[in-house]
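# Coordinates in review
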Amino acid sequence: MTERTDPRSAPAPHVADSHGLIRVHGARVNNLRDVSVELPKRRLTVFTGVSGSGKSSLVFGTVAAESQRMINETYSAFVQGFMPSLARPEVDVLDGLTTAIVVDQERMGADPRSTVGTATDANALLRILFSRLGTPYVGPPGAFAFNVPSVRASGAITVERGDSRTVKQTFSRTGGMCPRCEGRGTVSDIDLTQLYDDTKSLAEGAFTIPGWKSDSWWTVRTYAESGLLDPDKPIRDYSAREMRDFLHKEPTKVKVEGVNLTFEGLIPKIRKSFLSKDREAMQPHVRAFVDRAVTFTDCPECGGTRLSEAARSSKIQGVSIADACAMQISDLAAWVRGVAEPRLAPLLGTLRDTLDSFVEIGLGYLSLDRPSGTLSGGEAQRVKMIRHLGSSLTDVTYVFDEPTTGLHPHDIQRMNDLLLRLRDKGNTVLVVEHEPETIAIADHVVDLGPGAGSAGGTVTFEGTVAELRSSGTVTGRHLDDRAPLKGTVRKPTGALEIRGASAHNLRDVDVDVPLGVLTVVTGVAGSGKSSLIHGSVPRGAEVVSVDQTPIRGSRRSNPATYTGLLEPVRKAFAKANGVKPALFSANSEGACPECNGAGVVYTDLGMMAGMSTTCEECEGRRFQAAVLEHRLGGRDISEVLAMSVAEAEEFLGAGEARVPAAHRVLRRLTDVGLGYLTLGQPLTTLSGGERQRLKLATHMGDKGGVYVLDEPTTGLHLADVEQLLGLLDRLVDAGKSVIVIEHHQAVMAHADWIIDLGPGGGHDGGRVVFEGTPAALVADGSTLTGRHLAAYAAGGA
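Predicted, not measured: the structure shown is a model, and the values here were computed from it. (Residues numbered from 1 in each chain as written. Predicted model: local features only at pLDDT ≥ 70, side-chain atom pairs only at ≥ 80, totals over all residues. Heavy atoms only, no water.)

### Details of the overall build of the protein
The helix and strand inventory of the protein stands at 28 helices and 27 strands. Taken against the 2.2 N^0.38 rule, which gives 28 Å for 797 residues, the C-alpha radius of gyration of the protein at 30 Å falls within 12% of a compact globule. If you line up the protein on its principal axes, its C-alpha atoms span 100 × 85 × 70 Å. Counting the 797 residues in the protein, one finds 50% classified as buried. Within the protein, counting contacts between residues at least 6 apart in sequence, those at least 24 apart form 67% of the total. Taken as a whole, the protein presents about 36700 Å² of accessible surface, with 51% of it coming from carbon and sulfur. Distance between charge centroids for the protein: 4 Å, based on 86 positive and 96 negative side chains. (Helix = DSSP H or I, 4+ residues; strand = E, 2+ residues; numbered from the N terminus. Rg over C-alpha atoms; globule rule 2.2 N^0.38 Å. Buried < 20%, exposed > 50% of the residue type's maximum accessible area, 1.4 Å probe, protein only. Contact = heavy atoms within 4.5 Å. Areas by Shrake-Rupley, 256 points an atom, 1.4 Å probe, with all protein chains shown as cover. Lys, Arg positive; Asp, Glu negative; His and termini not counted. Charge placed at Lys NZ, Arg CZ, Asp CG, Glu CD.)

Right, here's the structure in full:
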């Protein structure tokens, strides 16, 4: 007979099981307005809202930032002194936090020696494998590392033990670095005509290098007053010895006006000051100089592999470590499976899992020797995910920033599966996302808005996806938007002929890109889109390229300084008041002396987070009181910088304060949907989507007939995509040719012409699989893009 259990005797829930929520109350980071939300743990929560509505401020600036700060506080004060100091976010209550792992879209370290292999564990594992199995044996794992130079030394050392005695010692370390290129894989040749005008003397300003002014203390004056060169003699008249000293002299101490300085030949100085830095991290004018003055070619000694001859000579089954790193990762994973060695079973198993993770996450088309600085934001984010896929950690919070960026619709389902897998292991997954396919898999949705900037910062909806659809919010209304396939397309006015394109994985591609229309280049990730357009479209005065390189800027940089609109405004203030323009710069003569124009005063507290307080002298306005007495149209310079773009467009567009040059820039900012931004808002507070559009607005002022845009929908809300399509139409209607590399189906549907690459990524791509109109692509139905566009047009996800 079965015993009956009295339900009243069932054990009460354990108190530890009651902590199922992350509670946020009174969050005020950036534009958040006392936001309060309760996020379920061990669920997938997606944060939606227009760009600039406060999503990143809530997820990254509040929840993730406080979690990381509290973890840092568990270390001793001594250790915290070596860690980045994090201030507590502006929030009243943060309860129920777990360890946060942030997987953002920040580009990976762009050091010239950083590759996909070094940024993950793959290269380290391969080095151990070749040091154990490679024949001939060349040394320990360091002998296969292109970041480790070979070192040899010998000499006398004194051993202080009992009776001190001097003994002779020799020391050697075998590294894998190619001695010619020092592990960079490329060597540079410098065009001297771009460095100086040899018809002039140093005193006449012969140098043509950016930043090398004729009175520059640390550069030009060191050469002119070193005593080694005649400052009044034209460079072309130098003797052989003077020319050798001028170009190649080793660092030598010289005295200039009683100050000890170091004189160094021009070529080694240029190599250290320009060529040791990553090209993508340079300011635009410096990058243009380097492009003019320097040509990079594969190192003739190592063939671009970065490795020494010894490291390349050691092989496993006829494959060297250089060959392995150059393989497509999907092929490398198959090769590793063919290496059978019981003694190395744990190592081989870990290496296989790592490489399989690349394939699983849709990056099997990469190679380990790919420089990490060349990865797109989406690729970098997925590379960072790899180390977490096989992790045994549970009950942690994973925070993702638009993980579908750069993904073809075909790949989005794979990313969704990975997010669900992380959740199903018992983790909390927080995702900032605009893509409807990813929003659809959420357990919980938090929608912020209703607008952007000062018009946002509030929670407009919390609940399920089904409830979001009927909520009436901006996101809810646009969630099922579908741009119709363009029925009538524009006629091209000409064609840009590309012949024999073979960069990266392209297979001698011949294609005609129509001009005078909106052309969309699409295909799965790694199919060769960027290689075809950026590598084949000639760069010149007629081509304006807006790529995915991020905007870099400090707290002192803002939309007004970045776009250049502040320059004509300063001149207008100066002219109206009869003073110098420099007075109206917070980084120059007009700066408040107390805070040096920052508007805040920083107090360094050692290993604790520093404090910033509003400057009492200028009350955060950044300028001297005397400067603020000067007015234009009844406003001072700080009041103009406090205006939104929309307000400033009206203010500077007419009347006494009319500044046509600034008004043109403001109109372009409004065109890209940034009318809500404040002119003086620090660039560090802008979201990724806002920075992308700021960059687009700046380049719209460039004179050119062909615009090349790389995924302009990155970071754009569904409602903003419609505005972007209108902007692209206006560019084409103004007589421009617009070429867009894009995955977003709305942009594809709106195109006049589509060029589809594929059929796959890596060596499975590199071919043009379709050319024609959107309607023809859907009717063709033979490509992945065509099938997904057909489903989109029919109303499917």
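### Points about the sheet that holds strand S1 (residues 21–27)
Across the sheet, which stays open at both edges, the three strands sit in the order S2-S1-S4 with antiparallel pairing between neighbours. Bordering the open sheet on either side are strand S2 (35–40) and strand S4 (93–95), each of which pairs with just one other strand. Shown here is a sheet whose adjacent strand axes are inclined to one another by a mean of 5°, direction ignored. Contacts from helix H1 (residues 55–72) reach S1, S2 and S4, with the element oriented near 115° to S1. (Pairing = 2+ DSSP bridges. Axes fitted to C-alpha atoms, helices over the stretch in contact; angles between N-to-C directions.)

### Quick look at the sheet that holds strand S21 (residues 543–546)
Across the sheet, six strands lie side by side as S21-S24-S25-S20-S26-S27; this open sheet has mixed pairing. Looking along the sheet, the strands with just one partner apiece sit at the ends: S21 and strand S27 (767–772). Across the sheet, the axes of successive neighbouring strands diverge by a mean angle of 15°, strand direction being ignored. Note: strand S20 (residues 518–523) against strand S25 (residues 737–741), four bridges, orientation parallel. Opposite Leu518, over in S25, you have Val738 as the bridge partner.

### Focus: the environment of Ser85
Structurally, Ser85 is set in the loop between helix H2 (77–80) and S4. Separated by 545 residues in the primary sequence, Ser85 and His630 have C-alpha atoms spaced 40 Å apart.

### What to know about helix H4 (residues 122–133)
Over its twelve residues, H4 runs 16 Å from end to end, which matches the ideal 16 Å to within 8%, given 1.5 Å per residue. Residues of H4 that are buried sit in contact with helix H3 (116–119), strand S12 (315–316), strand S13 (319–320), helix H10 (321–326), helix H11 (329–337) and helix H12 (345–360). (Expected span 1.5 Å × (residues − 1).)

### Here's the deal with the pairing of strand S15 (residues 428–432)
Judged by how many residues are buried, S15 sits mostly within the fold: five of five residues are covered. Residues of S15 alternate between two faces, with Thr428, Leu430 and Val432 on one and Val429 and Val431 on the opposite face, all of them buried. Sheet analysis places strand S3 (residues 44–48) next to S15, joined by four bridges and oriented parallel. Bridging from a neighbouring strand, Phe47 pairs with Val432 of S15. Crossover connection from strand S14 (residues 397–401) via helix H14 (residues 409–424) to parallel S15: handedness right-handed. (Right-handed = clockwise from strand over helix to strand, strands pointing away.)

### Quick look at the state of the cysteines
Throughout the structure, instances matching the rule amount to zero disulfides. A disulfide-free cysteine, Cys302 has its sulfur positioned 3.7 Å from the sulfur of Cys181, the nearest such atom. A residue is classified by how much of its surface remains accessible, and Cys302, at 4% relative accessible area, is buried. Considering cysteine sulfurs only, Cys595 is the nearest to Cys592, which forms no disulfide, with 3.8 Å between them. What makes Cys592 buried here is its relative accessible area of 1%. (Disulfide = S-S within 2.5 Å.)

### Brief notes about the pattern of salt bridges
Counted according to the given criterion, the structure contains 30 salt bridges. Where Glu341 meets Arg343, a salt bridge forms, and the shortest distance between an N and an O atom there is 3.1 Å. Looking at Arg343, the relative accessible area reads 63%, which means it is exposed. In this structure, Glu619 engages Arg621 in a salt bridge whose closest nitrogen and oxygen atoms are separated by 3.5 Å. Bridged by salt links that share partners, the residues Lys486, Arg490, Asp729, Asp733 and Asp752 form one connected network. (Salt bridge = Lys/Arg side-chain N within 4 Å of Asp/Glu carboxyl O.)

### Things to note about the nonpolar core
Formed by 68 residues in total, the largest nonpolar core has its most connected members in Leu565, Val569, Ile637, Leu669, Leu679 and Val738. Top contributing element to this core by residue count: helix H25 (residues 718–733), with seven residues. Those residues in contact with Leu669 that sit more than four places away from it in its chain are Thr563, Leu565, Val645, Leu674, Gly675, Leu694 and Ala697. Val138, Ala322, Leu375 and Met385 belong to the second-largest nonpolar core, a separate cluster that totals 67 residues. (Core = buried A, V, L, I, M, F, W, Y, C linked by side-chain atoms within 4.5 Å.)

### Notes on a nonpolar patch on the surface
Residues Tyr75, Phe78, Val79 and Phe82 make up a contiguous nonpolar surface patch of about 470 Å² in total accessible area. Secondary-structure assignment places Val79 in helix H2. Residue class for Val79 comes out partly exposed when judged on its relative accessible area of 33%. (Patch = residues over 30% accessible without salt bridge, like charges linked within 9 Å, V, L, I, M, F, W, Y side chains within 5 Å.)

### Considerations on the packing of aromatic side chains
In this description, a pair of aromatic rings is defined by centroid distance and the angle of the planes. For the structure shown, the criterion picks out ten aromatic pairs. Judged by centre distance (5.2 Å) and plane angle (35°), the ring pair of Phe573 and Phe584 falls under tilted. Here Phe573 is found in helix H20 (residues 566–577), whereas its partner Phe584 is found in the loop between H20 and strand S22 (600–603), with eleven residues between them in sequence. A relative accessible area of 0% places Phe573 in the buried class. (Phe/Tyr/Trp six-rings, centres within 6.5 Å; stacked < 30°, edge-to-face > 60°.)

### Thoughts on the side chain of Arg306
Relative to the elements of secondary structure, Arg306 occurs in the loop between strand S11 (294–298) and helix H9 (309–313). Overall, the relative accessible area of 5% leaves Arg306 in the buried class. Only 3.1 Å separates the side chain of Arg306 from the backbone oxygen of Gly183, close enough to count as a polar contact. Contacts of Arg306, omitting those with residues within four sequence positions, involve Pro112, Arg113, Thr115, Phe146, Gly176, Met177, Cys178, Cys181, Gly183, Arg184, Gly185 and Pro371. (Polar contact = N/O pair within 3.5 Å; in protein donor to acceptor, adjacent residues only side chain to side chain.)

### Some points on the pairing of S25
Buried residues dominate S25, accounting for five of its five residues. Alternating residues of S25 divide into Ser737, Ile739 and Ile741 and Val738 and Val740, and every residue in both groups is buried. In this structure, strand S24 (residues 706–710) lies alongside S25, joined through five bridges in parallel fashion. Bridge pairing in S25 links Asp710 to Ile741.

### With respect to the packing of H11 against H12
Helix packing for two helices is described by the angle between their axes and how far apart those axes are. Running from amino to carboxyl end, H11 crosses H12 at an angle of 155°, the nearest separation of the two axes being 9 Å. For the element pair H11 / H12, the angle class is roughly antiparallel. The interaxial crossing formed by H11 with H12 has left-handed handedness. Facing Ile329, Ser330, Leu332, Ala333, Val336 and Arg337 of H11, the residues of H12 in contact are Leu348, Leu351, Arg352, Leu355, Asp356, Phe358 and Val359. (Parallel < 35°, antiparallel > 145°, perpendicular 65-115°, else oblique. Left-handed = near helix turned anticlockwise from the far one by under 90°.)

### Quick look at the environment of Arg691
When you line up the elements, Arg691 lands in helix H24 (residues 688–699). Sequence separation between Arg691 and Thr493 is 198 residues; the distance between their C-alpha atoms is 32 Å. Sequence-distant contacts of Arg691, that is, excluding residues within four places in its chain, are made with Ile551, Leu683, Thr684 and Leu686.

### Re the packing of H4 against H12
Relative orientation of the contacting elements H4 and H12 amounts to 150°, with a least axis distance of 10 Å. Here H4 and H12 pass one another in a crossing that is left-handed. Facing Ala122, Leu125, Leu126, Ile128 and Leu129 of H4, the residues of H12 in contact are Leu347, Leu348, Thr350, Leu351 and Thr354.

### What about unusual backbone geometry?
Between Gly449 and the following residue, Pro450, the backbone shows a cis peptide bond with an omega angle of 0°. Positionally, Pro450 belongs in the loop between strand S16 (444–449) and strand S17 (458–463). A positive phi angle, close to 80°, is found at Arg306, a residue other than glycine.

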